[in-house]
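Geometric and topological summary
For reference, the chains in residue letters:
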Amino acid sequence: MLVRYFGAARAATGVDEERLPGGRTLSAVLADLRARPAATAGPSLAKVLDRSSFLLNEVALRDPATVLQDDDVLDVLPPFAGG
């Protein structure tokens, strides 16, 4: 699956996007991401993920038991500030 990072998630990973294997639940993917060492001196990815919302193929994803497939696109959207 393609995982795309925005805002603070991009800063925490150091990349705009990456490919991860599908066939796992959202909660399993997030657990793997949370276990990664920090890529930058900014906020840890685990802290960013705790505040983020997620889109699966451009639709809000709220069920952590949803199984993500190889051809899916998962967007990680941390809270945005602005005016």
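Now for a quick tour of the structure. Please read all numbers here as calculations on a predicted model, not as lab measurements.

Points about the pattern of salt bridges
Within this structure, the stated rule accounts for 5 salt bridges. Arg36 is the salt-bridge partner of Glu18, the closest N and O atoms lying 2.7 Å from each other. A residue pair is termed long-range when its members are at least 10 positions apart, and Glu18 in strand β2 (residues 17-19) and Arg36 in the loop between α2 (26-34) and α3 (45-51) qualify at 18 residues.

Quick notes on the side chain of Ser52
Note on placement: Ser52 falls in the loop between α3 and β4 (53-56). Dropping the residues within four chain positions of it, Ser52 is found in contact with Val76, Leu77 and Pro78.

Observations concerning α2
Buried within α2 are the following residues: Leu26, Val29, Leu30 and Leu33. Taken down its axis, α2 places every buried residue within 95 degrees of arc, on the same side.

As for the pairing of strand β1 (residues 2-5)
Pairing between β1 and β2: 3 bridges, direction antiparallel. Among the inter-strand pairings, Leu2 is bridged to a residue of β2, identified as Arg19.

So, the side chain of Asp72
By the element assignment, Asp72 lies in the loop between β6 (67-68) and β7 (73-77). Buried and unpaired, Asp72 has Arg19 as its nearest opposite-charge partner, separated by 9.6 Å. Within the structure, Asp72 has its side chain in polar contact with the side chain of Asn57 (distance 2.9 Å). A polar atom in the side chain of Asp72 sits 2.7 Å from the backbone nitrogen of Gln69.

Reading the values: the criteria
Residues numbered from 1 in each chain as written. Predicted model: local features only at pLDDT ≥ 70, side-chain atom pairs only at ≥ 80, totals over all residues. Heavy atoms only, no water. Salt bridge = Lys/Arg side-chain N within 4 Å of Asp/Glu carboxyl O. Helix = DSSP H or I, 4+ residues; strand = E, 2+ residues; numbered from the N terminus. Contact = heavy atoms within 4.5 Å. Buried < 20%, exposed > 50% of the residue type's maximum accessible area, 1.4 Å probe, protein only. Arc of directions from axis to C-beta. Pairing = 2+ DSSP bridges. Lys, Arg positive; Asp, Glu negative; His and termini not counted. Polar contact = N/O pair within 3.5 Å; in protein donor to acceptor, adjacent residues only side chain to side chain.

Worth remembering: the numbers are spatial, not functional.
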